Amino acid sequence: MGIRVANVSKRFGDFHAVDNVSVDVDSGSLVALLGPSGSGKSTLLRLIAGLEQADSGRIWITGEEATDRSVQDRQVGFVFQHFALFKHRTVRQNVAFGLELRRWKKEAIRRRVDELLDLVQLRGFGARFPSQLSGGQRQRVALARALAVQPRVLLLDEPFSALDAKVRKELRAWLRNLHDEMHVTTVIVTHDQEEAMEVADRIVVMNEGRIEQIGTPAEIYDHPATPFVMGFVGAVNVLPGGTLPRSSITATQAVASESPLFIRPHDIEIFRDSQEDTVPAELRRLSHLGRDVQAELMLADGQVITAQIARERLNPGSFQVGDRLHVRSRESRTFLPDYSI
C-alpha cells in the first residue's frame, strides 16, 4: 500500500476541515482528490505530508506509520500551487536544493540534476532564473525539485491552477506520461473535473470535509453515488420528477416517483417534430463548443435545460433560436429524496 489514511479528522476552530476520512492509495497509482473550495482536499493532502497534524486518526506511508513523524521523516515530495521556487537561485540550484541539505556530494548532485532536467524536458535551462521561465516551465522545475530527493510519495496541491487553459492541458498529459515512466505513488489535489478525469487512476470526490465517492473516472461519471457527485463531475440538468419522459431510469436505490431527475446534457434528444414520449420545448440559445453544440431549451412549464449534440448530427441552419422543438431524455437518474446537491 502506498498511502493509508484511517479515520482522520482535522478542525480549525469550529470548522471541521476533514471529518473522519479513510482512503487507501495503491502503491504506484495516481489518485486525484477532487472537490470544490472548502471541501477539505488540500487539508487532507497537507495531513498526509505532515504539514498539518491530525486531531485524530492515523496515516501510513509505504507501510510505515507516519502519523507522528515530521515532514522530513515522511520522505514525501510536495509541489505547491504557486511553484514556491527560490527567485535568487538558478534552475539547477533550485533542483539541487534538497540534495544539498542532505549533504550529497557535488558530483552526485550534478548527475541527479542533469537526469531530472532531462526528465522534465528542461535541459539547457539550468542557468536560467525562475523569472526567465514560462509558468509551465516553472512548474516543471518545482516538480523536478520535489523528485530530486527520491520521495516515497509525490503530493501535488492544485499544481496547474495558476496556468492558462492550453498550458494546463499540455502539463496534464505530460504529468500522466511522467507518472507512467516513474510509477511514483502520487496524489494530486484539483477542483478541475476534467483534470481529475484525464490524469487519475482513481478519483476521491470530497465535499464538506467528507468523501462522497471513490472510484475510477468512468465509475465516478457513469455511476455517481450521490447527487453532489453527479452535479460536480460533469454537467447535469436537475428537473422535478416526471418533467421529461425518458427511455430508461437508473436509480441508486428505491426510487420515489417525485424524486428529481438528473439528466446529462448529452442524454437529451432533440427532434423537429413530435415523437413518442417527447415534450415541446423552445430553443433559446445555441453555443458552439468545438466538436459539440450546446442548446439551451425552455420547457412549457418554464424549466430551462441544456442539451449537447455532436456537430455532425446537425445540418447547417437546421435549428434556429426561437424554434419550437420536441425533446426527451435517453437516460436519467434518480436518488433517494434525502440527498441534495
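Everything quoted here is computed from the prediction, not taken from an experiment.

Caption draft 1: Representation of the pairing of strand E8 (residues 185–190) within the structure. Of all six residues that make up E8, six are buried, and the element is covered over most of its length. Sheet analysis places strand E3 (residues 30–34) next to E8, joined by five bridges and oriented parallel. The residue bridging leucine 30 from the neighbouring strand is threonine 186, located in E8. Where strand E7 (residues 153–157) and E8 come together, five bridges link them in parallel fashion. Along E8, the bridge assignment pairs leucine 154 with threonine 186. Crossover connection from E7 via helix H6 (residues 165–182) to parallel E8: handedness right-handed.

Caption draft 2: Layout of the sheet that holds strand E14 (residues 268–271). Judged by pairing direction, the sheet is antiparallel, and its five strands sit side by side in the order E14-E18-E15-E16-E17 without closing on themselves. Of all strands in the sheet, those with a lone pairing partner are E14 and strand E17 (304–310), marking the two edges. Sheet twist, expressed as the average angle between the axes of neighbouring strands with direction ignored, equals 45°. Taken together, the seven bridges between strand E16 (residues 292–299) and E17 define a ladder with antiparallel strand orientation. Residue pairing in the sheet places alanine 295 in a bridge with alanine 307 of E17.

Caption draft 3: Summary view of the sheet that holds strand E1 (residues 3–12). The antiparallel open sheet is built from four strands, whose spatial order is E2-E1-E4-E5. The open sheet has two edge strands with one neighbour each: strand E2 (15–25) and strand E5 (64–65). Bridge count for E1 against strand E4 (residues 56–61) is five bridges, and the pairing is antiparallel. Following the sheet pairing, alanine 6 is matched in E4 by arginine 58. The strands touched by helix H1 (residues 41–49) within the sheet are E1, E2 and E4, with E1 carrying the most contacts at an inclination of about 115°.

Caption draft 4: Inspection of empty space enclosed by the protein at higher detail. What the rule picks out here adds up to two cavities of 30 Å³ or more. Reported here for the largest cavity is a volume of approximately 70 Å³. Among the elements that line the lining of the largest cavity, the one with the most residues is H6, at four residues. Taken together, the residues of the lining of the largest cavity sort by class into six nonpolar, two polar and no charged. Reported here for the second largest cavity is a volume of approximately 30 Å³. Around the second largest cavity, the lining residues are Val23, Val25, Val31, Leu33, Leu44, Ile48 and Val187.

Rules used throughout
Counting from 1, residues in each chain are numbered in the order their sequence is written. Since the coordinates come from a predicted model, pLDDT governs what is reported: local features require at least 70, and pairs of side-chain atoms require 80 or more to be given and counted, while whole-chain, interface and lining totals use all residues. Each side-chain value is worked out from all heavy atoms of the structure, with water and hydrogens disregarded. Note on classification: 1.4 Å probe, protein chains only; a residue is buried when its accessible area is under 20% of the maximum for its type, exposed when over 50%, partly exposed between these limits. Think of it this way: any DSSP run of H or I at least four residues long counts as a helix, any run of E at least two long counts as a strand, and we number them from the N terminus. Between any two strands, pairing holds if DSSP finds at least two bridges. Handedness rule for crossovers: strands pointing away from the viewer, path from the first strand over the helix to the second running clockwise, crossover right-handed. A fitted line through C-alpha atoms represents every axis, and for helices the fit uses only the stretch in contact; the resulting angles, taken between N-to-C directions, go from 0 to 180 degrees. Two residues qualify as a contact provided that any one of their heavy atoms is within 4.5 Å of a heavy atom in the partner residue. The way it works is a 1 Å grid over only the protein atoms, where trapped points that fit a 1.4 Å probe form a cavity and open points with protein on both sides within 12 Å along at least five of seven lines form a pocket, and then any residue with an atom within 4 Å of a point lines it. Grid points are joined across faces, edges and corners, and a volume is the space filled by probe spheres set on the points. Under this grouping Gly is polar, as are all residues other than the nonpolar Ala, Val, Leu, Ile, Met, Phe, Trp, Tyr, Cys and Pro and the charged Asp, Glu, Lys and Arg.

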